[in-house]
Structure formats: C-alpha cells, structure tokens
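Single-letter residue listing:
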Amino acid sequence: LDALVIANEVLDAMPVHVITAGNDGIEERGVTQRGGDFEWRTQPAGGEVLSAAQRLALPPGYTTEINLAARAFMRMLASHLERGVIVLIDYGFPAREYYHPQRASGTLMCHYRQHAHDDPLCLVGLQDITAHVDFSAIAATATQWGLAVLGYANQAQFLINCGITEVLAATPADNVAAYAPLSAQAQKLTSPAEMGELFKVIALGKSHRVPLTGFASGNKQRLL
C-alpha cells in the first residue's frame, strides 16, 4: 500500500532567514539584545543562505525570507518515503509571485490573540511567527531528491475536486441549524476572500502512478 503524509500549515511555522539585498551584497537580519530589549542586527549573509539569495537576483532594498528548514524537511521526507504521496497545505505562492516587486518587505507576520502585525521582537514567546511558503522552492527541492510533483492547486479547487460541495449537499438546506454552520465552514475554506485562494495544496510522490482526484481540474503545477 502507498503511504500518505498530510501536513497542514506545517511549512509556514518553520524558522526562516530574513535577508535584504543591499548595494554591496546580501545581508542577513539577526537578533541582538540591548538594554534588555531585542533589536535587529544585520550582517553579511554567508553559506547556504547567501547561495539561495543570490539565485533570486533581488533588486537593492528588497527584503524577503528564505526557508532552508522547509527544504531540509523535504529532503528528510524524500529520503524516508519509498512509495506514496505527500500532501502539503499552506498559504504561499510560486516564486514569481512570492518575489513580486509589491512584496518587497517580505511576508513575515506575527499573530497574537487574533491580531496580526509585523514585529517579531515584541511579545516574545507569546505570539505565532509565520512566513508564506515559496512553493517553487519546495517543488525544486522535492524533485532534486527523487520526488515527483503530482499536482498543485489552490485550496478551493482542490476541495471542490475532492467533493466538498457534495458533502455539503448531503445536509438538507432547509435544516438551517445543521446546514448553516457547515455552509459557513465551507465558505471559509473555499472563498477567495478567505482561505480558498491564498492557501495552496501541493502533492509530491514517489512510485505513485494513480492520478489524484484533488487535481483533476485546475492543476497549476506549470506555474511552479
């Protein structure tokens, strides 16, 4: 039997390297402490961070994130999977959208009690710190380590392909008490204004030949 690995909002929670393209090269932002407070400190990037940043050819002043941990995670999965499918669900973009000029400040965001902001140095230990996923980098690492990209779509298309509308239709609409909360949940998962467009689903596999229902239509892996 094929193995199935599902990871929902795992990649976005991994630590990232924050880099800025300067006139004299790539700088990496680190954290130091002064007077009991944390503050940013920049230094020249090096090693794998520098190599990954240079491949992006970013314009001066552009700040973004590089998620080496996610790439290492993919290498680990690829090395352990003999036959099966890995399904990753997260918010993010392919590279050409991730590094769009309008996203020159990066995607790093913090969440605390339903409030979102961009300062990871406050409320240390109390808030969630996330960054969007570069799905092109995930796909490239996966294929480099022997996995095949089996599909890539936004969450709405994936769920529709998998039959979410049929599941919702199984509850009579005139049964308002039962139907209304299910409809609201489906709306949140599929609406472009909610999670339907920003969230993406990518499937990676090894020795798997059966087409996946979730990508029967709207497969956009050509954009990776």
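Residues numbered from 1 in each chain as written. Predicted model: local features only at pLDDT ≥ 70, side-chain atom pairs only at ≥ 80, totals over all residues. Heavy atoms only, no water.

Q: For helix α1 (residues 47-56), give the residues involved together with the corresponding values.
A: Along α1, the residues classified as buried are V49, A52 and A53. Looking straight down α1, one finds its buried side chains confined to an arc of 100°; they lie on one side. Among the exposed residues of α1, those oriented more than 90 degrees off its buried face are G47, Q54 and R55. Of the residues one or two after α1, A57 is the one with positive phi, at around 50°. (Buried < 20%, exposed > 50% of the residue type's maximum accessible area, 1.4 Å probe, protein only. Helix = DSSP H or I, 4+ residues; strand = E, 2+ residues; numbered from the N terminus. Arc of directions from axis to C-beta.)

Q: Outline the nonpolar core, listing residues and values.
A: Side chains of nonpolar character tend, in soluble globular proteins, to be buried together. Residues L11, M74, L88, I138, L147 and L204 are the most contacted members of the largest nonpolar core, which totals 21 residues. Contributing elements (two or more residues each) for this core: α2 (68-80), β6 (84-93), α4 (135-144), β11 (148-154) and β12 (199-206). Residues contacting L147, with those up to four places away along its chain left out, are M74, A78, L81, I86, A142, L204, G205 and K206. (Core = buried A, V, L, I, M, F, W, Y, C linked by side-chain atoms within 4.5 Å. Contact = heavy atoms within 4.5 Å.)

Q: Go over the pattern of salt bridges, please, and point to the residues and values.
A: In the structure shown here, the tally under the stated rule is 2 salt bridges. With a closest N to O distance of 2.4 Å, D2 and R83 form a salt bridge. Residue D2 is located in the segment before β1 (3-8), and its partner R83 is located in the loop between α2 and β6; the two are separated by 81 residues in the primary sequence. With a shortest N-O distance of 3.4 Å, R34 and E39 are connected by a salt bridge. With relative accessibility at 26%, the residue E39 sits in the partly exposed group. (Salt bridge = Lys/Arg side-chain N within 4 Å of Asp/Glu carboxyl O.)

Q: So what's going on with the pairing of strand β7 (residues 109-112)? Which residues, and what values?
A: Each regular strand shows side chains that alternate between the opposite faces of the sheet. Of the pairings in the sheet, the one linking β7 to strand β9 (residues 128-130) comprises 3 bridges and is antiparallel in character. The residue of β9 that forms the bridge with H111 is D128. Relative to strand β8 (residues 115-117), β7 runs antiparallel, the two sharing 3 bridges. Across the sheet, the residue bridging to H111 is A116, located in β8. Between β7 and β8, which follow one another and run antiparallel, lie 2 residues, and R113 among them has a positive phi close to 50°. (Pairing = 2+ DSSP bridges.)

Q: For the sheet that holds strand β4 (residues 37-44), give the residues involved together with the corresponding values.
A: Sheet architecture is open: 4 strands sit in the order β4-β3-β2-β5, paired in antiparallel fashion. Of all strands in the sheet, those with a lone pairing partner are β4 and β5 (63-66), marking the two edges. Between one strand axis and the next, the sheet turns by 40° as a mean value, whatever way the strands run. Pairing of strand β2 (residues 17-22) with strand β3 (residues 25-34) involves 5 bridges; the strand directions are antiparallel. Each bridged residue has a counterpart across the sheet, and for V18 the counterpart in β3 is R29. Across the face of the sheet, α1 comes into contact with β2, β3 and β5 while running at roughly 125° to β5. (Axes fitted to C-alpha atoms, helices over the stretch in contact; angles between N-to-C directions.)

As far as function goes, none of this settles anything; it's purely spatial.
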